[in-house]
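# Coordinate analysis (summary)
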2 protein chains.
Amino acid sequence: MRSVIQPDSQKRRPTFIEEARRRQIVQTAIRTIATRGFSQASLAEIARKAGISKGVISYHFDGKEALVEEILASLLREPADFVKARVDRENRPLAQLRAYVEANFEFMRTHRDHYVALVDLWGRRPDAASGGNRFDADAYEPSRHYLARILESGIEQGEIRDVPLRTTASLIQAAIDGVMLQWVLDEDALDLDAAISEVTDMITGHVRPFNSEAAS
Amino acid sequence: MRSVIQPDSQKRRPTFIEEARRRQIVQTAIRTIATRGFSQASLAEIARKAGISKGVISYHFDGKEALVEEILASLLREPADFVKARVDRENRPLAQLRAYVEANFEFMRTHRDHYVALVDLWGRRPDAASGGNRFDADAYEPSRHYLARILESGIEQGEIRDVPLRTTASLIQAAIDGVMLQWVLDEDALDLDAAISEVTDMITGHVRPFNSEAAS
DNA sequence: TTAAAATTTGACCATGCGGTCAGTAATTCA
DNA sequence: TGAATTACTGACCGCATGGTCAAATTTTAA
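Conventions adopted
Residues numbered from 1 in each chain as written. Chains lettered and ligands numbered in written order. Predicted model: local features only at pLDDT ≥ 70, side-chain atom pairs only at ≥ 80, totals over all residues. Heavy atoms only, no water. Near = heavy atom within 4 Å. Polar contact = N/O pair within 3.5 Å; in protein donor to acceptor, adjacent residues only side chain to side chain. Helix = DSSP H or I, 4+ residues; strand = E, 2+ residues; numbered from the N terminus. Nonpolar A, V, L, I, M, F, W, Y, C, P; charged D, E, K, R; others polar. Contact = heavy atoms within 4.5 Å. Buried area = accessible area lost by both parts, 1.4 Å probe. Salt bridge = Lys/Arg side-chain N within 4 Å of Asp/Glu carboxyl O.

With that out of the way, let us pick up the protein's contact with DNA strand D. Around DNA strand D sit 16 residues, and of these R21, S53 and H60 of chain A together with K54 and K64 of chain B come closest. Restricting attention to atoms of DNA strand D within 4 Å of the protein, one finds that 65% of them are sugar or phosphate atoms. The backbone of L43 of chain B places a nitrogen or oxygen atom 2.8 Å from a phosphate oxygen of DNA strand D. At the level of elements, α1 (16-36) and α3 (54-60) of chain A together with α3 (54-60) of chain B are the ones that each hand at least two residues to the surface near DNA strand D. It is α3 of chain A that provides the largest number of residues to the surface near DNA strand D, a total of four residues. Class assignment for the residues of the surface near DNA strand D results in five nonpolar, seven polar and four charged.

Lining the immediate surroundings of DNA strand C are 17 residues, of which K54 and K64 of chain A together with R21, S53 and H60 of chain B lie closest. The sugar-phosphate backbone supplies 60% of the atoms of DNA strand C found within 4 Å of the protein. Take R21 of chain B: an N or O atom from its side chain is 2.5 Å from a phosphate oxygen of DNA strand C. Within the contact set of DNA strand C, a phosphate oxygen lies 2.7 Å away from a backbone nitrogen or oxygen of S53 of chain B.

Turning to the interface of chain B and chain A, a few remarks are in order. The partner chain A presents 40 residues to the 40 residues of chain B that form the contact. In this assembly, chain B packs against chain A so that about 3400 Å² is buried in total across both faces, 61% of it on carbon and sulfur atoms. The tally of links from chain B across to chain A stands at two salt bridges. The shortest N-O distance in the salt bridge between D120 of chain B and R125 of chain A comes to 3.1 Å. Counting across the interface, chain B meets chain A through 14 residue pairs in polar contact (both at pLDDT 80 or more). When contributions to the side of chain B that touches chain A are tallied by element, the ones reaching two or more residues are α1 (16-36), α6 (112-122), α9 (165-185) and α10 (192-207) of chain B. The element best represented in the side of chain B that touches chain A is α9 of chain B, accounting for 14 residues.

Written out as structure tokens, the structure is:
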């Protein structure tokens, strides 16, 4: 199927059915991982939950590893798209930064399953045989870069003090991910609303110019 | 062995050999998980790396789940002990807070394997059959509580402004964990020293009283 | 020294896994 | 309409896993 090389070395345009099935399988797999854990998310279990035969998964995906990569891509792309849309509503960098942080949390709150599955998938190591891709690691670079650009324009416009771009971007993402992790590990251990408010304050406070008074 | 109930309902004091073997097995398992991933860390592989027979693990641990719990306990206890020792050197709460953050990162830097394994283990879900313990979630409560106490005394002494204790403790731990996570996922994507410095500044800045000038 | 207890071995087992495949059904399209 | 392509089924395979156990070995203690 997908692995067949076309004469013009172009990928065959996927059928309507194929796209729908792949979506269904990925979504079912995410739900399965979130509820039962990755170790219990066998192809048989995913197929059972989806109401299809196990062979269908093998038919549409070139092995379980390929399925997992598509799941991971989905888990990272969906929140990224949502956040980007929210950020694009804002004009000024500081407001964009706030929107970035808040949109992350908003998506988080409405898609807890996604993050439970993501935390589960973090533990994966690429197949030693497959030459060891670095999908996991590289997948986080775009959001760091996106954040750094927001910071950069903020600095240019004087809304943000002269922080180191990459490090600060990592730091902001780290705070978001850290709160997310605690919330995933124990939904009740954390007052999510309070944490969101505090982390947003902390971040905006950290990047605010020294001479600034009321910025938000 | 360990499951035998003693007449006086006290646990039998473990033999020297037993303690040593258990330590060895746990340490070898951590190394194996860190290097090959949990999915490849079979009892056979761990035994092979330790140079012992597979049955020894079954003899000393009541199933793989019990081994994993001991690994997890070890992964959480060791840094906690280290951090506590560093915090205890300091007298004033703000210095203790700095020590807490910095000691976390110091241990992190010298024990990357531990954290690689920990991230891998986060994805585990307790056995549905075993009544679903909440070890994972509860294991993080002590450090949050410990942090909250530091903050509390800092507020009392006026070194720290009146922040919400639990939420701020969660937030601080979240920032630490978030940086740790990025570093674990990709050692090279993050300038760890710069991140440590920034996150320490951000945290101390966040809790500093409004009227304070030079605090560190 | 020796009997009991603790420890280790390695072969063995049942189970569930990812993956394959011949055959069947559904869909597409000329 | 009918042949070709696409999609699906369910039985099957080889394999790695966690776990067991009788027998052998080492340690303990009387």
